[in-house]
Amino acid sequence: AIESALDPDEMEPPRPATIEFAQQVEETLEAIASSLLSGKNLPSPLPDLREAHNAILASTKLTTEQYALINTETDRITTSINTLREKIAEFENAGK
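Definitions and limits used
By convention here, each chain's residues receive numbers from 1 onward along its written sequence. At least 70 in pLDDT is required for a residue's local features to be given in this predicted model, at least 80 for side-chain atom pairs to be given and counted, and no such filter applies to totals for whole chains, interfaces and linings, which use all residues. No hydrogens and no water enter the side-chain calculation; it runs on all heavy atoms of the structure. Here an angle of 0 to 180 degrees is reported between the N-to-C directions of two axes, which are lines fitted to C-alpha atoms, with helices fitted over the stretch in contact. Where helices and strands are cited, they refer to DSSP runs of H or I of at least four residues and of E of at least two residues respectively, numbered from the N terminus. Roughly parallel means an angle under 35 degrees; roughly antiparallel means over 145; roughly perpendicular covers 65 to 115; every other angle is labelled oblique. Each crossing gets its hand from how the near helix is turned against the far one by less than a right angle, where anticlockwise is left-handed and clockwise is right-handed. Any pair of residues with heavy atoms lying within 4.5 Å of one another is described as a contacting pair. As a working rule, the residues Ala, Val, Leu, Ile, Met, Phe, Trp, Tyr, Cys and Pro are called nonpolar, Asp, Glu, Lys and Arg charged, and the rest polar, with Gly in that last group. A 1.4 Å probe rolled over the protein chains alone gives each residue an accessible area, and that area as a share of the maximum for its type sets the label: buried under 20%, exposed over 50%, partly exposed in between. Patches here: salt-bridge-free residues with over 30% relative accessible area, like charges joined within 9 Å, nonpolar side chains (Val, Leu, Ile, Met, Phe, Trp, Tyr) joined within 5 Å. Throughout, the Shrake-Rupley method with a 1.4 Å probe supplies accessible areas, and for residues the shown protein chains are the sole cover considered. Just to be clear on terms, a salt bridge is a Lys or Arg side-chain nitrogen sitting within 4 Å of an Asp or Glu carboxyl oxygen. Residues counted as positive are Lys and Arg, residues counted as negative are Asp and Glu, and His and the chain ends are not counted. Note that the charge is assigned to NZ on lysines, CZ on arginines, CG on aspartates and CD on glutamates. Nonpolar cores are built from buried Ala, Val, Leu, Ile, Met, Phe, Trp, Tyr and Cys residues. Side-chain atoms within 4.5 Å join them into one set.

> Please set out the packing of helix α1 (residues 16-38) against helix α3 (residues 65-94) residue by residue, giving values where relevant.
Look at α1 against α3: their axes get within 11 Å of each other, and the N-to-C directions meet at 25°. Judged on the interaxial angle alone, α3 and α1 are roughly parallel. The handedness of the crossing between α1 and α3 is left-handed. Between α1, through Thr18, Phe21, Val25, Thr28, Leu29, Ile32, Ser35 and Leu36, and α3, the contact on the second element is made entirely by Ile70, Thr74, Ile77, Thr78, Ile81, Leu84, Arg85, Ile88 and Glu92. A breakdown of the residues in the contact of α1 with α3 according to their chemical character gives ten nonpolar, five polar and two charged.

> Residues and numbers for the environment of Glu20, please.
Looking at the secondary structure, you find Glu20 in helix α1. On the basis of relative accessible area, Glu20 is assigned to the partly exposed category, the value being 38%. Here the alpha-carbon distance between Glu20 and Ala55, two residues 35 residues apart in the chain, equals 9.2 Å.

> Requested: an account of a negative patch on the surface, with residues and values cited.
On the surface, Glu20, Glu26, Glu27 and Glu30 cluster together into a negatively charged patch. Counting through the fold element by element, Glu30 comes out in helix α1. What makes Glu30 partly exposed here is its relative accessible area of 48%.

> Residue-level account of the nonpolar core, with values.
Membership of the largest hydrophobic core is limited to twelve residues, which are Ala17, Phe21, Val25, Ala31, Ile32, Leu42, Leu46, Leu49, Ala52, Ile56, Ile81 and Ile88. At the level of secondary structure, the elements contributing two or more residues to this core comprise α1, α2 (49-58) and α3. Filtering out sequence-adjacent residues up to four positions away, Leu42 remains in contact with Ala31, Ile32, Ser35, Arg85, Ile88 and Glu92.

> Tell me about the pattern of salt bridges, and name the residues and values.
With the rule as written, the count across this model stands at three salt bridges. For the salt bridge of Glu73 with Arg76, the shortest nitrogen-to-oxygen distance reads 2.8 Å. A residue pair is termed a helical-turn pair when its members lie 3 or 4 positions apart in one helix, as Glu73 and Arg76 do in helix α3 at three residues. The exposure class of Arg76 is partly exposed, given its relative accessible area of 48%. Its salt-bridge partner being Glu90, residue Lys87 comes within 3.6 Å of it at the nearest N-O pair. Note that Lys87 and Glu90 are positioned in helix α3 at a spacing of three residues, about one turn of the helix. Accessibility expressed as a relative area gives 45% for Glu90, which makes it partly exposed.

On their own, these measurements won't tell you what the molecule is for.
The following block contains the structure:
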């Protein structure tokens, strides 16, 4: 987990792009949960998490251990959520 690899005494402040990414992840997960609970299709458009992740990567030239870890973990989060979205869309299309 991210928090287990970080020393709280040496943490850098979160980058604004990381905060924006977290908000977009929350919005996307809420939409997925709502869709699954209601049986309705996913709303469109949903936030572009890959674009938000790329904004994190572009947000600083300084690479600390913390930022490198966040870069890696947000990439994994993006890939996982995007895969989930794709699988839900496949399921929705199969039912048509």
